[in-house]
Amino acid sequence: MSSLPFLPFSKPTIDEATIAAVGDVLRSGWITSGPKVQAFEAQLSEYFGGRPVRTFNSGTCTMEIALRIAGIGAGDEVITTPISWVATANVIIEVGATPVFADIDPVTRNIDLAKLEAAITARTKAIIPVYLSGLPVDMDALYALAKKHNLRVVEDAAQALGSSWQGERIGARGDFVSFSFQANKNITSSEGGCLVLNNEDEARLAEKYRLQGVTRTGFDGLDVDVLGGKFNMTDIAAAIGLGQFAHIETITAHRRELAKHYFECFGPEFEAEYGAQLPVADFNNTNWHLFQLVLPERKDGQPARATFMKEMQALGVGVGYHYPPIHLLSLYRALGFKEGMFPVAERVGRLIVSLPMFTAMTKADVERSVAAVKAVLRNA
């Protein structure tokens, strides 16, 4: 296997039409936020059933801005999952609020909604569920819980563009919904993100927060009434996003076929034979942004994930991991979090790996990836 070209964990696919569109933007003389950004927002809004959408330079600031629009700040608590990219919790601190974690479900690896509800206090003002690998939580239960406790919801759907819940696209319903277009996402704009909002008043406020709080009127009218930042998307990024977004249905369908082939290749006895845990076999709701395994501990006492990744690389197959538990990072330990607080997240965060999954992959690539996994685990 090692004689074959290296199979990366992820790789963006940019077609020639998109490359040409970027060239057109560069030649146009308008390369910052302009007509391409407006066109991208219009297409996204249509995709999400006509809801207002604003684009940004990351899928991190989208969550921060959602919290600011919701009025979340000092003295407030926001509950989220320990298994996510650290940005999910960092934005809570950025707005002056206190992050609170709830453990995850061992099967879905998403936040356990029962444990989330148990963590609610009088200070809780919002929740940030994360759709790991693109698999949504139970949306009906999520919003019933939010309504019961009068909480705002900021959906961290960074990995979930193209995912759905009971036939309805993620982003088409609910409260704030944040997506990422970072380089390894199903749809990329190189870097970027978008925020789906509830009404035009929120959309106008989002525009202020993304560009220094500025409101312009007439030829030379300018005012600032909120403290904004510099979070706008460029037309260069939007041109990439438009080119990618044109293929979202094809991309999502292809990734689902790749995921099905992963399950076929692993076979029904894989978990019992090798001791690793496969993801939920959902081919209706998730967009299969990632295909993740939870590894078994090694019998020789070596670190399971690091050793697995090293041996997979030696076989020519790239592996990622998403994610280490946020509450055990130094910044969060300093806030009082420690081992043992969220045992499911700690086990999953120590053993989870992401296998190759990207648009240009073939079924042969899946077969190669699975063969490598089995070879490594057989010798563990």
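What counts, and at which threshold
- Residues numbered from 1 in each chain as written.
- Predicted model: local features only at pLDDT ≥ 70, side-chain atom pairs only at ≥ 80, totals over all residues.
- Heavy atoms only, no water.
- Helix = DSSP H or I, 4+ residues; strand = E, 2+ residues; numbered from the N terminus.
- Expected span 1.5 Å × (residues − 1).
- Contact = heavy atoms within 4.5 Å.
- UniProt positions renumbered as here; feature names shortened; annotations may be inferred.
- Buried < 20%, exposed > 50% of the residue type's maximum accessible area, 1.4 Å probe, protein only.
- Axes fitted to C-alpha atoms, helices over the stretch in contact; angles between N-to-C directions.
- Parallel < 35°, antiparallel > 145°, perpendicular 65-115°, else oblique.
- Left-handed = near helix turned anticlockwise from the far one by under 90°.
- Nonpolar A, V, L, I, M, F, W, Y, C, P; charged D, E, K, R; others polar.
- Pairing = 2+ DSSP bridges.
- Salt bridge = Lys/Arg side-chain N within 4 Å of Asp/Glu carboxyl O.
- Domains from an automatic or database assignment.
- Polar contact = N/O pair within 3.5 Å; in protein donor to acceptor, adjacent residues only side chain to side chain.

The terminal C-alpha atoms of helix 14 (residues 363-378) lie 22 Å apart, and with 16 residues this matches the ideal 22 Å at 1.5 Å per residue to within 8%. The elements touched by buried residues of helix 14 are helix 9 (248-266), helix 10 (270-274), strand 12 (291-294), helix 11 (304-314) and strand 13 (352-355).

As recorded in UniProt, the feature "modified residue: N6-(pyridoxal phosphate)lysine" (unreviewed entry) lies at K185. Tracing the backbone through its elements, the reader meets K185 in the loop between strand 8 (176-180) and strand 9 (193-196). The class for K185 is buried, based on a relative accessible area of 15%. Those residues in contact with K185 that lie beyond four places of it in its chain are A158, Q159, S180 and H289.

Okay, the packing of helix 3 (residues 61-69) against helix 7 (residues 200-210) next. As a packed pair, helix 3 and helix 7 sit with axes 10 Å apart at the nearest point and diverge in direction by 125°. Viewed along their axes, helix 3 and helix 7 adopt a mutual orientation that is oblique. Helix 7 is crossed by helix 3, and the crossing has right-handed handedness. Of the residues in helix 7, those in contact with I65, R68 and I69 of helix 3 are E202, L205, A206, Y209 and R210. Considering only residue class, the contact of helix 3 with helix 7 consists of five nonpolar, no polar and three charged.

Backbone hydrogen bonds are what pair the strands of a sheet, in a parallel or an antiparallel way. Spatially, seven strands are ordered 1-9-8-5-4-2-3 in an open sheet, and the strand pairing comes out mixed. Two strands bound the open sheet, and with one partner strand each, they are strand 1 (53-56) and strand 3 (98-101). Within the sheet, the average angular offset between the axes of one strand and its neighbour, ignoring direction, is 25°. Along the sheet, helix 6 (residues 139-149) contacts strand 4 (124-128) and strand 5 (152-156); its crossing angle with strand 5, the most-contacted strand, is approximately 150°.

Looking now at the environment of A157. With respect to the secondary-structure elements, A157 resides in the loop between strand 5 and strand 6 (164-165). For A157, a relative accessible area of 0% gives the class buried. Residues contacting A157, with those up to four places away along its chain left out, are Y131, I170, V177, S178 and F179.

Going through the model one piece at a time under the given rule, you end up with 17 salt bridges. Ionic pairing is found between E200 and R54, a salt bridge with its closest N-O pair at 3.6 Å. Taken as a pair, E200 in helix 7 and R54 in strand 1 lie far apart in primary sequence, 146 residues in all. Given a relative accessible area of 42%, E200 falls into the partly exposed group.

The subject of this paragraph is the domain arrangement of the chain. Structurally, the chain comprises domain 1 (16-103 + 110-242) and domain 2 (247-378). One C-alpha centre belongs to domain 1, the other to domain 2, and the line joining them spans 26 Å. With 33 residues of domain 1 in contact, the opposing surface of domain 2 contributes 34 residues. Remark: the boundary between domain 1 and domain 2 carries one salt bridge. With a closest N to O distance of 3.0 Å, R169 and E249 form a salt bridge. Linking domain 1 with domain 2 are 21 residue pairs in polar contact (both at pLDDT 80 or more).

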